[in-house]
Amino acid sequence: MASTEPTIFARIALREIPASIVAETDRVIAFDDISPQAPVHVIVAPKTQEYRNVVELAAGDPELLVELIDVARGVADERTDGQFRLVFNTGAEAGQTVFHVHAHVLGGHLEEGSLGSA
Ligand code: AMP
């Protein structure tokens, strides 16, 4: 179980912190990354902070993971030509800084062959 301190993404979902929200369902929220690493860079997260990373989410609530990916696909349909990268950083050494599971939707002109650092 994650810490009871609300994460930054939980606070965005509660409208306690402003963000440029691009899509929302009852359980998932998508918003522009504050520090974009690509022409299109959107964060898609469950509103709950119960799951710290995608492995925990897949084990704990696979339907919510499917819903998250469906929201990501919708964002990509709107913001990209249908070609995009979906990144789940998992663990601090992999670059994860917010321990509330989230996907990065990256699109636009991405560097060829790069694994990306978002
Ligand atoms: P990660 O490094 O995978 O944990 O990704 C965290 C991402 O959240 C980074 O790309 C940050 O730029 C982004 N981020 C942090 N704070 C905010 C915020 N208040 N609004 C939007 N994006 C944020």
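What counts as what
- Residues numbered from 1 in each chain as written.
- Predicted model: local features only at pLDDT ≥ 70, side-chain atom pairs only at ≥ 80, totals over all residues.
- Heavy atoms only, no water.
- Patch = residues over 30% accessible without salt bridge, like charges linked within 9 Å, V, L, I, M, F, W, Y side chains within 5 Å.
- Areas by Shrake-Rupley, 256 points an atom, 1.4 Å probe, with all protein chains shown as cover.
- Salt bridge = Lys/Arg side-chain N within 4 Å of Asp/Glu carboxyl O.
- Helix = DSSP H or I, 4+ residues; strand = E, 2+ residues; numbered from the N terminus.
- Buried < 20%, exposed > 50% of the residue type's maximum accessible area, 1.4 Å probe, protein only.
- Pairing = 2+ DSSP bridges.
- Near = heavy atom within 4 Å.
- Polar contact = N/O pair within 3.5 Å; in protein donor to acceptor, adjacent residues only side chain to side chain.
- Nonpolar A, V, L, I, M, F, W, Y, C, P; charged D, E, K, R; others polar.
- Axes fitted to C-alpha atoms, helices over the stretch in contact; angles between N-to-C directions.

A closer look at a nonpolar patch on the surface
- Where nonpolar side chains cluster on the molecular surface, the patch consists of I69, F84 and L86 and spans about 220 Å² of accessible area.
- Here F84 is to be found in strand β4 (residues 84–87).

Quick look at the pairing of strand β5 (residues 103–107)
- Across the 5 residues that make up β5, a large majority, 5, are buried.
- Going residue by residue along β5, you find A103, V105 and G107 tucked away on one face and H104 and L106 tucked away on the opposite face as well.
- As defined by bridge partners, strand β3 (residues 40–46) adjoins β5 across 5 bridges and the pair is classed as antiparallel. Bridging from a neighbouring strand, H41 pairs with L106 of β5.

Brief notes about the site of the ligand
- As a structural note, the neighbourhood of the ligand is formed by 16 residues, with D33, G95, T97, V98 and H104 the closest of them.
- With respect to the ligand, the side chain of D33 contributes an N or O atom lying 2.5 Å from an oxygen atom.
- For the ligand, an oxygen atom lies 2.8 Å from a polar atom in the backbone of G95.
- Contact with the protein chains hides 86% of the accessible area of the ligand, taken as 500 Å² for the molecule alone.
- Looking at the shell around the ligand, the elements with two or more residues in it are α1 (8–13) and β2 (28–32).
- No other element matches α1, which puts 3 residues into the shell around the ligand.
- Looking at side-chain class alone, the shell around the ligand contains 7 nonpolar, 7 polar and 2 charged residues.

Here we look at the sheet that holds β3
- Across the sheet, 5 strands lie side by side as β1-β2-β3-β5-β4; this open sheet has antiparallel pairing. If you trace the sheet from one side to the other, it starts and ends with β1 (21–24) and β4, each paired once. The sheet shows a mean angle of 20 degrees between the axes of neighbouring strands, direction not considered.
- In this sheet, β5 lies alongside β4 in antiparallel orientation, the contact comprising 4 bridges. Bridge pairing in β5 links F84 to G107.

Some remarks on the pattern of salt bridges
- Taken as a whole and judged by the stated rule, the model has 8 salt bridges.
- Among the salt bridges present, the one from R11 reaches E16, with a minimum N-O distance of 3.0 Å.
- A residue is classified by how much of its surface remains accessible, and E16, at 45% relative accessible area, is partly exposed.
- Through salt bridges with shared partners, a single ionic network connects R15, E24 and K47.

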